[in-house]
Structures are given as structure tokens and as C-alpha cells.
Amino acid sequence: MEKEFKITSAKQYEETMISVFEMQEQEEPLTPAQLAEINIMLKAAERYEQEEL
């Protein structure tokens, strides 16, 4: 079951993209849960880009 995540502001979009970048840059390998979370955040960012930008 996929969590619903919606970006509603430019600030939230920026914070989400920074979080994704930081997770990808960590030294430890990403867990399946972290990869799923990144995927959810990127899908929300894509929806925001299509709707708002």
C-alpha cells in the first residue's frame, strides 16, 4: 500500500527535493523502505511540477 504524499507549496517542493538528495547521498546503502519513500516523494514532486510549474 502506497502512502499518499502531496506537495502544496514551492517551499515544500524545495524541502522534498533536498530530502531526496540527502537520502541519496548518505554513505550507507538505502533500505527498501527508503527507496520506496524516495519514489513516493519524487512522484509527488512530478505531480506538483505538472500542476504548478
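Calculation criteria
Residues numbered from 1 in each chain as written. Predicted model: local features only at pLDDT ≥ 70, side-chain atom pairs only at ≥ 80, totals over all residues. Heavy atoms only, no water. Salt bridge = Lys/Arg side-chain N within 4 Å of Asp/Glu carboxyl O. Helix = DSSP H or I, 4+ residues; strand = E, 2+ residues; numbered from the N terminus. Expected span 1.5 Å × (residues − 1). Buried < 20%, exposed > 50% of the residue type's maximum accessible area, 1.4 Å probe, protein only. Arc of directions from axis to C-beta.

1. Brief notes about the pattern of salt bridges
Enumeration over the complete set of coordinates arrives at two salt bridges. Here K6 and E51 are joined by a salt bridge, their closest N and O atoms 3.7 Å apart. Of this pair, K6 sits in the segment before α1 (10–25) while E51 is found in helix α2 (residues 32–52), placing the two residues 45 residues apart along the sequence. Across the pair K11 and E15 runs a salt bridge whose closest N-O atoms are separated by 3.1 Å. Of this pair, K11 and E15 both sit in helix α1, four residues apart, which is roughly one turn of that helix.

2. Let's talk about α1
Relative to the 22 Å expected for 16 residues at 1.5 Å per residue, α1 spans 23 Å between its end C-alpha atoms, a close match to the ideal helical length. All of the buried residues in α1 are Y13, T16, V20 and M23. Seen from one end, α1 has its buried residues packed into an arc of 95 degrees, which puts them on one side. Facing away from the buried side of α1, by more than 90 degrees, are the exposed residues A10, K11, F21, E22 and E25.

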